[in-house]
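# Summary of the model geometry
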Amino acid sequence: MVAGLVQRDGNRAWAGAITVVGWMVIGMGVSLATRTPAVADSLARVASGAVDITPDLAGGTPVWIAGYGMGRRATGVHDPLFARCLVVDDGSTKVALVSVDLVGLQFPEVLRIRERLTEFQYVLVSSTHNHEGPDVIGIWGRSPIHRGVDDAYLDQVVEKVVELCRQTARRLAPVTAEFGTATDESLLRDSREPQVKDGILRTLTLTGADGRKSGLLVDWSSHPESMGSKNSLLTADFPAATIGWLERKYQCPITYFSGAVGGLMTPPRNRIRDDNGQYLNEGDFTFMERYGQAVGELAARAVEEGSSAVRLHPIQIASQRVYLPVENALYRAARGLNVLVREATIWSGDPAQKGAPLSLENADQTMAIETEVACVRLGDVYLACIPGEIYPELLYGQFQDPVDPNVDYPDAPLEPHLDKILAGKKWMLIGLANDEVGYIIPLCQWDKVPPFAYGRKESQYGEVNSCGSQVAPILMQALRQCAMKLESAR
Ligand SMILES: [Zn+2]
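Residues numbered from 1 in each chain as written. Predicted model: local features only at pLDDT ≥ 70, side-chain atom pairs only at ≥ 80, totals over all residues.

## As for the overall build of the chain
- Looking only at helices and strands, the chain has 9 helices and 23 strands in total.
- Here the chain has a C-alpha radius of gyration of 22 Å; the compact-globule value for 490 residues is 23 Å, and the two agree.
- Along the first, second and third principal axes, the C-alpha atoms of the chain reach 70 × 55 × 45 Å.
- Buried positions account for 53% of the 490 residues belonging to the chain.
- Residue pairs at least 24 apart in sequence account for 79% of intrachain contacts in the chain once pairs closer than 6 positions are excluded. (Helix = DSSP H or I, 4+ residues; strand = E, 2+ residues; numbered from the N terminus. Rg over C-alpha atoms; globule rule 2.2 N^0.38 Å. Buried ≥ 20, exposed ≤ 12 C-beta atoms within 10 Å, placed from the backbone. Contact = placed C-beta atoms within 7 Å.)

## Observations concerning the packing of helix H4 (residues 238-250) against helix H5 (residues 285-305)
- Orientation of H4 relative to H5, taken along the N-to-C sense of each, is 50 degrees, at an axis distance of 7 Å. With respect to H5, the axis of H4 lies oblique. Classified by chirality, the crossing of H5 by H4 is right-handed. Contacts from Phe238, Pro239, Ala240, Ala241, Thr242, Trp245, Leu246 and Lys249 of H4 reach H5 at Met288, Glu289, Tyr291, Gly292, Gln293, Val295, Gly296, Ala299 and Ala300.
- Class assignment of the residues belonging to the contact of H4 with H5 gives a composition of 11 nonpolar, 4 polar and 2 charged. (Axes fitted to C-alpha atoms, helices over the stretch in contact; angles between N-to-C directions. Parallel < 35°, antiparallel > 145°, perpendicular 65-115°, else oblique. Left-handed = near helix turned anticlockwise from the far one by under 90°. Nonpolar A, V, L, I, M, F, W, Y, C, P; charged D, E, K, R; others polar.)

## Quick look at the packing of helix H2 (residues 107-115) against helix H3 (residues 151-169)
- Look at H2 against H3: their axes get within 9 Å of each other, and the N-to-C directions meet at 40 degrees. Between H2 and H3, the angle is such that the two are oblique. Relative to H3, the crossing made by H2 is right-handed. Residues Glu109, Arg112 and Ile113 of H2 touch H3, and the partners they reach there are Leu154, Val158, Val161 and Val162.

## Remarks on the nonpolar core
- Counting 146 residues, the largest nonpolar core has Val98, Leu124, Ala384, Cys385, Leu475 and Leu479 as the members making the most contacts within it.
- Residues within four places of Cys385 in sequence aside, it is in contact with Leu124, Val373, Ala374, Cys375, Val376, Ile430, Ala433 and Asn434. (Core = buried A, V, L, I, M, F, W, Y, C linked by C-beta atoms within 7 Å.)

Everything listed here is a matter of coordinates, which is why it stays silent on function.
In structure tokens, the structure reads:
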């Protein structure tokens, strides 16, 4: 066990039963099944775990906080950062679903984690997009020419996540599961036109054979940035308060995932009040607590009023490597300065084809980065895994209509949207899944050059933190292909 690994095991009493069910699944004797506890979904075994990944501030290496401007040095810790994990095993396929309280762990680090976990058929590592944790990308260092990442810390995160998945998988226990939803758009602010939110919070409630809750997965779409740009204390932001509130209520481990945070989904202004009825706003730990609790209360509504039983088996995975052209000149410049350190190739013109290596001779050509899109089926529940900050428009097909004539691509075809790709299915959108490639903006709303949409004098915020205009079409096509692969495998 690595130092700091938090054991959250509500299933020890079932240690014997776990072994028996394991035998049953691999077919070593049906007679043993009579010794297993009666559960509706005995083919799915699940365990949760968490490990502290707070950077060490005592070591002397500065920790640069990611998410707003650069040069924000951490001065202390308000609450610890965690990697949290849910392992699901249907007897033949075992997957780890990991969430980290970071701004956006990059795909190369996820590949390093997976290399070490070959006993899993799939490992998902999603970042909550925490804006009050350490830089793990590079662009928030001391100055524009200083990389903000401590590579030794990244190594620790990789090591701890690997060990977390292994430790959690040793505690698998049978569960029944319920999928739930509850909606409250007032808990979100959309800072960019058009106003489209994903106000639906989704839950997966796991109940052990003893009838007690053994885990809860929460999927909610809001930037963890309630503490704002002036804070210098490391914190997991409002998800820490959501998780704390739900842990106290249900006495079980909580795994929190961020969904569609692009577009741009943030905590609301003038919505959350203190004990005296006064509005609380960004940059205040009381606001963080109260907003986190409000999200927790919404999750409790999903658990208690909006849930229905689901199967978690069979588990099926369809994933696809894709190459994204990087049009963003700032990203290219940061790479040239070794502020962004990541393998890149020449854009081949085909998102499925890796291009030639970058060299001095071809440095003027468009470069591309490798990432991944996936669709994970846990029985009745589908996890759409998108490697960045997707706009909610791409979930529901609620594009600006009619298209504003001043956008850069007014005739762009509309991307296939998630709710249509997975029509009739129970789904969760896992944002920043295995990567953070920045904003994923519908092509018909891409608006970088004048004249600007909505009669504005300047571009709306978004494009500056996107790899480019082609990201959304490429990723949504890849997601559709993954969903089709799953459908043909049924
Ligand atoms: Zn963001």
